[in-house]
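# Remarks on the overall topology
Listed here are the chains, written in short residue letters.
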Amino acid sequence: MRVAIIPARGGSKRIPRKNIKTFCGQPMLAYPIQAALNSGVVDKVVVSTDDAEIAAIARHYGAETPFMRKPELANDFTGTTDVIRNAITELQQLGWPLSSCACIYATTPLLNSERIAAAYQLLLSSKADYVFSAARFSFPIQRALLQTAEGGVVPFDPASIMRRSQDLAETFHDAGQLYWATADTWLDTGKAVFGTGSRMLLLPAHLVQDIDTVEDWQRAELLYQLLQAPAQ
């Protein structure tokens, strides 16, 4: 069984109730649920939550909530991997025959079904430990600048600050959307998501947007509306 697990706790400090706040006409959580169910590579979608309202909305849009997340796994300090491992353990104890599991974040309205399927196919073809969505940094991070306590400027990497962009290694960042692995790999604490055994599914910059602030939310809505607009 191929399962998508969506972590969606109730607490959210900067954007209250972020996971179920209305985004372009639907609760935010509806978008990853629908994308996973329509991908053709996910048999069931499970939402891991500690919140009854979130669980009810998840079920309304086709996900399942066969367990409620424990409070100690729903605080500001719990890592995503711990939440996914807990969800896999809970599902296995319920008798679910898990093969591969995708972790999909709740605030990913720009993630579509095709990319969920593409990441799964890359997991199969590459035999990687993990496959996750990523994007290129638009500017060489080796030429980053730091501000001193006095307001001055120093290079982050003095050896690279004057080098040409084309002479510097390309760098990438986690898109914060999607992570595929087998259930066994998720449970193996010796295998890191961002390790040499992992592979990246590269996305264009306009499909990647963290949503941590009100400004992030507004930008994500604009990007989503542009993506949904009919081609001229």
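A brief look at the structure comes next. Counting from 1, residues in each chain are numbered in the order their sequence is written. Whole-chain, interface and lining totals are the exception, using all residues; otherwise, since this is a predicted model, local features are given only for residues with pLDDT of at least 70 and side-chain atom pairs are given and counted only at 80 or more. The basis for the side-chain values is all heavy atoms of the structure; hydrogens and waters are excluded.

Secondary structure elements are taken from DSSP: a helix is a run of H or I of four residues or more, a strand is a run of E of two residues or more, and numbering for both begins at the N terminus. Secondary structure assignment for the chain yields six helices and ten strands. In this treatment the radius of gyration is a C-alpha quantity, and the globule benchmark scales as 2.2 Å times the residue count to the 0.38 power. A compact globule built from 232 residues should have a C-alpha radius of gyration of about 17 Å, and the chain, at 19 Å, falls within 12% of that. Counting every position in the chain, which comprises 232 residues, the buried fraction comes to 44%. Here a residue-residue contact requires only that any non-hydrogen atoms of the pair lie within 4.5 Å. Counted over contacts in the chain with a minimum sequence separation of 6, partners at least 24 positions apart contribute 73%. For the area figures, the Shrake-Rupley method with a 1.4 Å probe applies, and any residue is considered shielded solely by the protein chains shown. Of the roughly 12,000 Å² that the chain leaves accessible, carbon and sulfur atoms contribute 53%. A positive count includes Lys and Arg, and a negative count includes Asp and Glu. His and the chain ends are not counted in either. Every charge is mapped onto a representative atom, which is NZ of Lys, CZ of Arg, CG of Asp or CD of Glu. Seen as two clouds, the 21 positive and the 23 negative side-chain charges of the chain have centres 3 Å apart. Three labels apply to residues, based on accessible area from a 1.4 Å probe with only protein chains included: buried if under 20% of the type maximum, exposed if over 50%, partly exposed otherwise in between.

Turning to the side chain of Thr 108, a few remarks are in order. Of note, Thr 108 is situated in the loop between β5 (100-104) and α4 (113-126). The term polar contact refers here to a pair of N or O atoms within 3.5 Å; inside protein, the definition further demands a hydrogen-donor-capable atom paired with an acceptor-capable atom, and it admits residues adjacent in sequence only when both atoms are side-chain atoms. Among the polar contacts listed, one links the side chain of Thr 108 to the backbone oxygen of Tyr 105, at a separation of 2.8 Å. Not counting residues up to four positions away in its chain, the partners in contact with Thr 108 are Met 28, Pro 32, Gly 176 and Gln 177.

To continue, consider the side chain of Asp 216. Considering the arrangement of structural elements, one finds Asp 216 in helix α6 (residues 214-228). By convention in these notes, a salt bridge is any Lys or Arg side-chain nitrogen within 4 Å of a carboxyl oxygen on Asp or Glu. Put simply, Asp 216 is tucked away with no salt bridge, and the nearest opposite charge, on Arg 14, sits 6.7 Å away. Polar contacts involving the side chain of Asp 216 include one to the main-chain amide nitrogen of Asp 212, which spans 3.0 Å. Ignoring anything within four residues of it in the chain, the contact list for Asp 216 reads Gln 209, Asp 210 and Ile 211.

A complete count under the given rule lists 13 salt bridges for this structure. The partner of Arg 9 in a salt bridge is Asp 76, and the shortest N-O contact between them spans 2.7 Å. Linking Arg 9 in the loop between β1 (3-7) and β2 (22-23) with Asp 76 in the loop between α2 (52-60) and α3 (80-93), this pair joins segments that are 67 residues apart in sequence. A salt bridge links Lys 70 to Glu 90; its shortest N-O distance comes to 3.0 Å.

With that settled, the discussion passes to the nonpolar core. Leu 29, Val 47, Ile 104, Ile 116 and Trp 180 are the most contacted members of the largest nonpolar core, which has 34 residues in total. Put simply, the parts of the chain that give this core at least two residues each are β1, α1 (30-37), β4 (44-48), α2, β5, α4, β6 (131-136) and β9 (172-182). In terms of residue count, α4 provides more of this core than any other element does, five residues in total. As used in this record, nonpolar core signifies buried Ala, Val, Leu, Ile, Met, Phe, Trp, Tyr and Cys residues forming a set joined through side-chain atoms within 4.5 Å. Counting 20 residues, the second largest nonpolar core, distinct from the first, contains Val 3, Ala 134, Ala 181 and Trp 186.

This part takes up the state of the cysteines. Count a disulfide wherever a pair of cysteine sulfur atoms falls within 2.5 Å. If you walk through the whole model with that rule in mind, you get zero disulfides. In this structure Cys 101 is not part of a disulfide, and its nearest cysteine sulfur, from Cys 103, lies 10 Å away.

Looking now at the packing of aromatic side chains. In this scheme Phe, Tyr and Trp rings, the latter by its six-membered ring, pair at centre separations within 6.5 Å, and the angle between planes marks the pair as stacked below 30 degrees, edge-to-face above 60, and tilted otherwise. In this structure the tally under the stated criterion is nine aromatic pairs. When the centroid spacing of 5.6 Å and the interplanar angle of 80° are considered together, the rings of Phe 23 and Tyr 31 count as edge-to-face. Take Phe 23 and Tyr 31: they sit in the same class, and that class is buried. Geometrically, the ring pair formed by Tyr 130 and Trp 186 is edge-to-face, given 5.0 Å between the ring centres and 80° between the ring planes. Placement of Tyr 130 in the loop between α4 and β6 and of Trp 186 in helix α5 (residues 183-187) is noted, with a sequence separation of 56 residues between them. By the burial criterion, Tyr 130 is buried, and Trp 186 matches it. Through successive ring pairs, a cluster of aromatic residues spans Phe 23, Tyr 31, Trp 217 and Tyr 224. Ring-over charges, as used throughout, are those where CZ of Arg or NZ of Lys falls within 6 Å of the ring centre and within 35 degrees of the ring normal. Here Lys 21 stacks its cationic end above the ring of Trp 217, 5.5 Å away from the centre of that ring.

Turning our attention to α3. Multiplying one less than the number of residues by 1.5 Å gives the expected span of a helix. An ideal rise of 1.5 Å per residue puts 20 Å on 14 residues; α3 measures up with 20 Å between its terminal C-alpha atoms. Of all the residues in α3, the buried ones are Val 83, Ile 84, Arg 85, Asn 86, Ala 87, Ile 88, Glu 90 and Leu 91. For α3, the secondary structure elements touched by its buried residues are β1, β4, β5 and α5. Directly after α3, the chain includes Gly 95, whose backbone phi takes a positive value near 90°.

For the rest of this paragraph, the subject is the pairing of β1. The element β1 is extensively covered by neighbouring structure, given that five of its five residues are classed as buried. In β1, alternate side chains face the same way, and those of Val 3, Ile 5 and Pro 7 on one face and Ala 4 and Ile 6 on the other are all buried. At least two DSSP bridges between two strands are needed for those strands to be called paired. Here β1 pairs with β5 via three bridges, running parallel. Directly across from Val 3, in β5, lies its bridge partner Cys 101.

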